[in-house]
Amino acid sequence: MKNHVKKEQLVATFSIVGADPKTGEVGVAVQSKFLAVGSVVPWAKANVGAVATQSWANTRYGPEGLELLEKGLSPDEVIAKLVADDPGRNLRQVAVINAEGEASAFTGEECFDWAGHKIGKNHSCQGNILVSEETVTAMSSFFEQSTGPLAERLIKALAAAQHAGGDSRGKQSAAVYVLQEGAGYGGYNDVKVDLRVDDHPEPIEELLRLYELHQVFGESTDEQLEIEGELFEEIKGHLVRHGLLDSTDHAGYNDSVKEALKTFTLRENFDDRWTEERRIDETVLEHLRKE
């Protein structure tokens, strides 16, 4: 198949590929004045690494880059192989990181100004058609100084980049894609975070809002409160108000109360926060009070 370079393939943007060797997380975050940039730029595989392909994006770089990483090639070697036989390489921009945090990037000499990349500890930042180099510098600096879950660090690095100038054409879409072995819904796959904002006036802010919402419905790190005394009476009242319990005339945490609380918890998509014990997750309690 011939590799045609077409004007409509231009994905001028800024992105960051990152890894946390301690947790095994790998991923990409990206923002662009381009519709649904998350469908083009980010690629990742748990225990392998991540790829961001942009400018006149060659989407074959994603799966092929991950395959080469999995075979044991270094990020430098992966990029060398990806661009070697690509007639459009001078218009490409690509970054590759492995699960150990080793990164490499390539910016073709014909990418539109400002275009370039900055490689740092456990990450690489890159962009094209940017206001200035400060966009990738700010993105890289924020990431290196940040701590916490990889997805959160990646999104907030995008915000720092936008604050420093961002895409010279404006804003439209953003995405974050992070994988970790067994971290997907129910533990059935490796997709820890996969969020996209396809068309929005403030895509990074909206992406952060979605991420915070995603955290609410994810696996709990909150304290589990004992259901007794005044808290037990309060919970019964809320369950009656929600139409899930016939009355508050239940002297103890019996099967009826437990099933009513379980129904509320699962109905509101707090599956990972339910416990069969006589306890309630703090976030579920807060939601029970608000609804």
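To be clear, the structure that these remarks concern was listed above.
Throughout this description, residue numbers start from 1 for each chain and increase along the sequence as written. Whole-chain, interface and lining totals are the exception, using all residues; otherwise, since this is a predicted model, local features are given only for residues with pLDDT of at least 70 and side-chain atom pairs are given and counted only at 80 or more. To obtain the side-chain values, all non-hydrogen atoms of the structure were included, while hydrogens and water were left out.

(A) Representation of the packing of helix α7 (residues 255-267) against helix α8 (residues 282-290) within the structure. Note on method: axes are straight lines fitted to C-alpha atoms, helices fitted across the in-contact stretch only, with angles between N-to-C directions ranging 0 to 180 degrees. Secondary structure elements follow DSSP: runs of H or I no shorter than four residues count as helices, runs of E no shorter than two count as strands, and numbering proceeds from the N terminus. Between α7 and α8, whose axes approach to 11 Å, the crossing angle comes to 90 degrees. Considering their axes alone, α7 and α8 lie roughly perpendicular with respect to each other. Counted together, L261, F264 and T265 of α7 and V284, H287 and L288 of α8 form the full contact between these two elements. All amino acids are sorted into three groups, where Ala, Val, Leu, Ile, Met, Phe, Trp, Tyr, Cys and Pro are nonpolar, Asp, Glu, Lys and Arg are charged, and the leftover types, Gly among them, are polar. Taken together, the residues of the contact of α7 with α8 break down into 4 nonpolar, 2 polar and no charged. Roughly parallel here means an angle under 35 degrees, roughly antiparallel means over 145, roughly perpendicular means 65 to 115, and every remaining angle is called oblique. Contacts are assigned to residue pairs that have any heavy atoms within 4.5 Å of one another.

(B) Just the pairing of strand β6 (residues 92-98), in detail. By the criterion of burial, β6 is predominantly enclosed, with 7 of the 7 residues buried. A simple rule labels every residue: compare its accessible area, found with a 1.4 Å probe on the protein chains alone, to the largest value its type can have, and call it buried under 20%, exposed over 50%, or partly exposed in between. Burial along β6 is two-sided: R92, V94, V96 and N98 facing one way and Q93, A95 and I97 facing the other are all buried. In this sheet, strand β7 (residues 103-107) lies alongside β6 in antiparallel orientation, the contact comprising 5 bridges. Each bridged residue has a counterpart across the sheet, and for Q93 the counterpart in β7 is T107. At least two bridges found by DSSP between two strands are what make those strands a pair.

(C) Quick peek at the sheet that holds strand β2 (residues 13-20). One open sheet holds the 6 strands; their spatial order is β8-β9-β2-β3-β10-β11, and the pairing between them is antiparallel. The open sheet has two edge strands, β8 (116-120) and β11 (191-197), and neither has a second partner. Pairs of neighbouring strands in the sheet enclose a mean axial angle of 5 degrees, with direction left out of account. With 6 bridges joining them, strand β10 (residues 173-179) and β11 adopt antiparallel strand pairing.

(D) Representation of unusual backbone geometry in the model. Across the junction of D113 and W114, the peptide omega takes the value -15 degrees, indicating a cis bond. Following the sequence through the fold, W114 ends up in the loop between β7 and β8. Residues other than glycine seldom take positive phi values, yet S55 does so here, at roughly 60 degrees. Residue placement: S55 occurs in strand β5 (residues 49-56). By relative accessible area, S55 is classed as buried at 1%. The backbone of I129 shows a phi angle near 55 degrees, a positive value even though the residue is not glycine. Classification of I129 as buried rests on a relative accessible area of 10%.

(E) Highlighting the packing of helix α1 (residues 61-70) against helix α2 (residues 75-84). With their axes 9 Å apart at the nearest point, α1 and α2 run at an angle of 135 degrees to one another. Viewed along their axes, α1 and α2 adopt a mutual orientation that is oblique. Handedness of the α1/α2 crossing: right-handed. Mapping the contact onto sequence places Y61, E64, G65, L68 and L69 in α1 and P75, V78, K81, L82 and V83 in α2. We call a crossing left-handed when the near helix sits turned anticlockwise from the far one by less than a right angle, and right-handed when that turn is clockwise.

(F) Broad picture of the nonpolar core. Here, the term nonpolar core denotes a set of buried Ala, Val, Leu, Ile, Met, Phe, Trp, Tyr and Cys residues that are joined through side-chain atoms within 4.5 Å. Core analysis: the biggest nonpolar cluster contains 24 residues, and I16, M139, L154, L158, V176 and L207 have the highest contact counts within it. Within the residue set of this core, elements represented by two or more residues are β2, α3 (134-145), α4 (150-163), β10, β11 and α5 (203-216). Among the elements that make up this core, the one with the highest residue count is α4 (7 residues). Residues within four places of V176 in sequence aside, it is in contact with V28, A29, A151, L154, I155, V193, D194, L195 and L207. Judged by nonpolar contacts, the second largest core, of 19 residues, contains V17, V37, A46 and A105.

(G) Seen up close, α4. One less than the residue count of a helix, multiplied by 1.5 Å, gives the span that helix is expected to have. The first and last C-alpha atoms of α4 sit 20 Å apart over 14 residues, in line with the 20 Å expected at 1.5 Å per residue. Looking at α4, one finds that the buried residues are L150, A151, R153, L154, I155, A157, L158, A160, A161 and Q162. Where the residues of α4 are buried, they touch β2, β3 (25-32), α3, β10, β11 and α5. Following α4 by one or two positions, G165 adopts a phi angle in the positive range, close to 145 degrees.

(H) View of the packing of aromatic side chains. The aromatic pairing rule takes the rings of Phe, Tyr and Trp, using the six-membered ring of Trp, and pairs them if the centres are within 6.5 Å, calling planes under 30 degrees apart stacked, those over 60 edge-to-face and the rest tilted. Tallied over the entire structure, the rule returns 1 aromatic pair. Where W56 meets F112, the ring centres are 5.2 Å apart and the plane angle is 90 degrees; that geometry is what we call edge-to-face. One end of the pair, W56, is in strand β5; the other, F112, is in the loop between β7 and β8, and 56 residues separate them in sequence. Each ring is checked for a lysine NZ or an arginine CZ that lies within 6 Å of its centre and within 35 degrees of its normal; such an atom marks a charge sitting over the ring. Directly above the aromatic system of F143 lies the positively charged group of R153, at a separation of 4.0 Å from the ring centroid. Over the ring of F232 we find R278; its NZ or CZ atom is 5.5 Å from the centre of that ring.

(I) Region of interest: the pattern of salt bridges. Salt-bridge detection follows one rule: a side-chain nitrogen of Lys or Arg within 4 Å of a carboxyl oxygen of Asp or Glu. Tallying each qualifying case throughout the model produces 16 salt bridges. One salt bridge connects R196 with D198, and the closest N-O pair in it is separated by 3.1 Å. With a relative accessible area of 37%, R196 lands in the partly exposed category. Take D198: its relative accessible area is 31%, and that puts it in the partly exposed class. Within this structure, K258, K262 and E276 form a network of salt bridges that share partners.

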